[in-house]
Structure formats: structure tokens, C-alpha cells
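Letter by letter, the chains look like this.
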Amino acid sequence: METVQELTFSGEALLGYVLEILFQLACPIVLFVLLRRKSSRASLLPLAAGFVTYMVLSWVRALLREIILTDSVRGFPALFYLLSALLSGVLEEAGRYIAMKYPLKDRSEFEDAVSYGIGHGGCELWLAGMMQTINFLVWGLECNSKGLAAMTAGMDPERAQAFIQKLADIADNSLFGSLLMTASGLESMLFHIAMSVLVLIAVHYEGKGFLLVCAMIMHTVANCLPPVIVWLKVPLPMTAEIIITAAPIVFTYFYWKKLTQREQGGG
């Protein structure tokens, strides 16, 4: 415990969190600027719809988690992670479908799907990723300036020990780890863009419900496997997670490419 009580965040760890925050803040903005440069037809409306849809879904998901993920379910980690992943995968893709089917029914271009995906993924990146990273940075600065005794003052021993362990875990950060997190964040944005393209095809082009189901399944798997990777102690878990998330992106790319070629060929 003595070494834990002397815990400090290195300059490298703090710098890494600063870089993560800057990336998380800028990524959606930069992606939309690049989209606008590529196509003047890109609109802010789908982006705003994606942002608002994810925000509303996050509230609904939080409520359902309170109802479904009870203490008894939490006692079975495999079931807990599966149900949690299902809630995210099904709700987010259903919300994406409803948004494109109704409020965005006149928005059927590729740029609209990309814009929606940037808004959807950007909201997740800001509300989940960036807020958490800001907390890590603030805790690190506070730990270095005040010490653990001040940070855990008033906590019961069990809670204090859990908090100290959490601080120890996040203090074990490096620039390489932060670079992996930024790569994961960028891929998450690309993942949401890919799912938006896939759902756009289901709504406006082929009208195939199985594409929506595919999106739900791929989203669920992408959310469910990372905890399994950690549990199995797979080497380089962040790299493995990036590879898993890349599969739906590649699938959607080739599906869209095939559809575009067929449309251009008139067949």
C-alpha cells in the first residue's frame, strides 16, 4: 500500500490524456470539414440528426440498463456484457434506421450517411470518450497536487481502496497507449459512418431488412468482444479490438462499392 499512497501521474501520462482530449474534440469537426471539401452537397442536417439521435438513445439505453442489468445479472459477467452489447447494438441501429426513414427521408445520398455517422459517432466520442478522458486528466492533476489522502477523504475504506486502484490503473498510461486510444477513437468514428451507410442502403436503395439486422449484429459483436478479449488476456487487446471493429467497415465499403457499380451499370 505504501507505493500506492505515493502514486503520481507522470508527465507522459498527463500529456497523453491532453492529446487524447484534443483529438476527441477535433475529430468530428475535422471529418465534417473534409466531407464538405469533398462534396458541397454535404449538409449539417444529417450531422445534427445523428448527434441528437445518439443523445436521446443514450438516455433510453441508460434507463433500460437500470431495468434489465440488475444486480443478479451483474453476477454473471458473460450475460451482463452480452445484454449490454445487445442494448447498444439494437437501440443504436434501430435509432439510425428510424432517423433515416422518417426525419431524413429526403436525404438519400452517400454524403448524408457520412454526415449522420459523424454526428452519431461524434456525440459518443464527446459524451463518453472525451468526458472520461477529462476526468482522468483532472484526477491526475489533483492526485499530483493534493495527494491521495485528500482525494479519498471522507470515503469508506472499501470505496477508497477501489478508487485508489482505479487511479493506479489510469496513471499507468503512456504516449503509445494514448496513440492507440486515438486510433481506436478514429476507427469508432469510421465504424459509425459505415453503419450509417449500411442502414442508408437498407432504407433508400435495397429496402432489405437483413441489412439492418446485419448492422445490429455487427454492432453487438463489436461491443461484446472487447470485454471477452480482456477476460481471455489476449495480447495487445487494443490492437485486437481495432481489428474486430475494422471488419464491419470493410464489409460496408465493399457492399457500397458493389451497389454503386451496379447502379452506374444500370443493372
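Above this text you will find the structure in question.
A quick note: this is a predicted structure, and the numbers were derived from the prediction, not measured.

Comments concerning the packing of aromatic side chains
For the structure shown, the criterion picks out nine aromatic pairs. On the basis of an interplanar angle of 85° and a centroid distance of 5.8 Å, the ring pair of Tyr205 and Trp256 is categorised as edge-to-face. In this pair, Tyr205 is assigned in helix α9 (residues 175-205) and Trp256 in helix α11 (residues 237-265), connecting sequence segments 51 residues apart. Here Tyr205 falls in the partly exposed class, since its relative accessible area comes to 31%. Here the aromatic residues Tyr17, Phe136, Trp139 and Phe163 are joined through ring pairs into a cluster of three or more.

Here we look at the packing of helix α10 (residues 209-231) against α11
Direction vectors running N to C along α10 and α11 enclose 170°, while the axes themselves pass 9 Å from each other. By the criterion of interaxial angle, the relationship of α10 to α11 is roughly antiparallel. In this structure, α10 contributes Phe210, Leu211, Met218, Ala222, Leu225, Pro226 and Ile229 to the contact, and α11 contributes Pro237, Ala240, Glu241, Ile244, Pro248, Phe251 and Tyr255. Tallied by class, the residues present in the contact of α10 with α11 amount to 13 nonpolar, no polar and one charged.

What about the pattern of salt bridges?
The full count for this structure, using the stated rule, is seven salt bridges. The salt bridge involving Glu93 is made with Arg96; its shortest N-O contact spans 2.8 Å. Of this pair, Glu93 and Arg96 both sit in helix α5 (residues 77-101), three residues apart, which is roughly one turn of that helix. What emerges from the salt-bridge pattern is a single network uniting Arg41, Glu109 and Glu111.

Rules and cut-offs
For every chain, the first residue of its written sequence is number 1, and the numbers climb from 1 along that sequence. Residue-level local features of this predicted model are given only where pLDDT is at least 70; pairs of side-chain atoms are given and counted only at 80 or more, and the full residue set underlies all totals for whole chains, interfaces and linings. Side-chain figures throughout are based on the complete set of non-hydrogen atoms in the structure, without hydrogens or water. Pairing of aromatic rings covers Phe, Tyr and the six-membered ring of Trp, with a centre-to-centre limit of 6.5 Å; geometry is then stacked below 30 degrees between planes, edge-to-face above 60, and tilted otherwise. A run of DSSP states H or I qualifies as a helix once it reaches four residues; a run of E qualifies as a strand once it reaches two. Both are numbered from the N-terminal end. We call a residue buried when its accessible area falls under 20% of the maximum for its residue type, exposed when it is over 50%, and partly exposed in between, using a 1.4 Å probe and counting protein chains only. Axis lines are fitted to C-alpha atoms, over the contacting stretch for helices. Their N-to-C directions set the angle, which ranges from 0 to 180 degrees. Orientation labels follow simple angle bins: below 35 degrees gives roughly parallel, above 145 gives roughly antiparallel, 65 to 115 gives roughly perpendicular, and whatever is left gives oblique. Contact definition: two residues touch when any of their heavy atoms are within 4.5 Å. Think of it as three bins: nonpolar holds Ala, Val, Leu, Ile, Met, Phe, Trp, Tyr, Cys and Pro, charged holds Asp, Glu, Lys and Arg, and polar takes everything else, Gly as well. When a carboxyl oxygen of Asp or Glu is within 4 Å of a side-chain nitrogen of Lys or Arg, the pair counts as a salt bridge.

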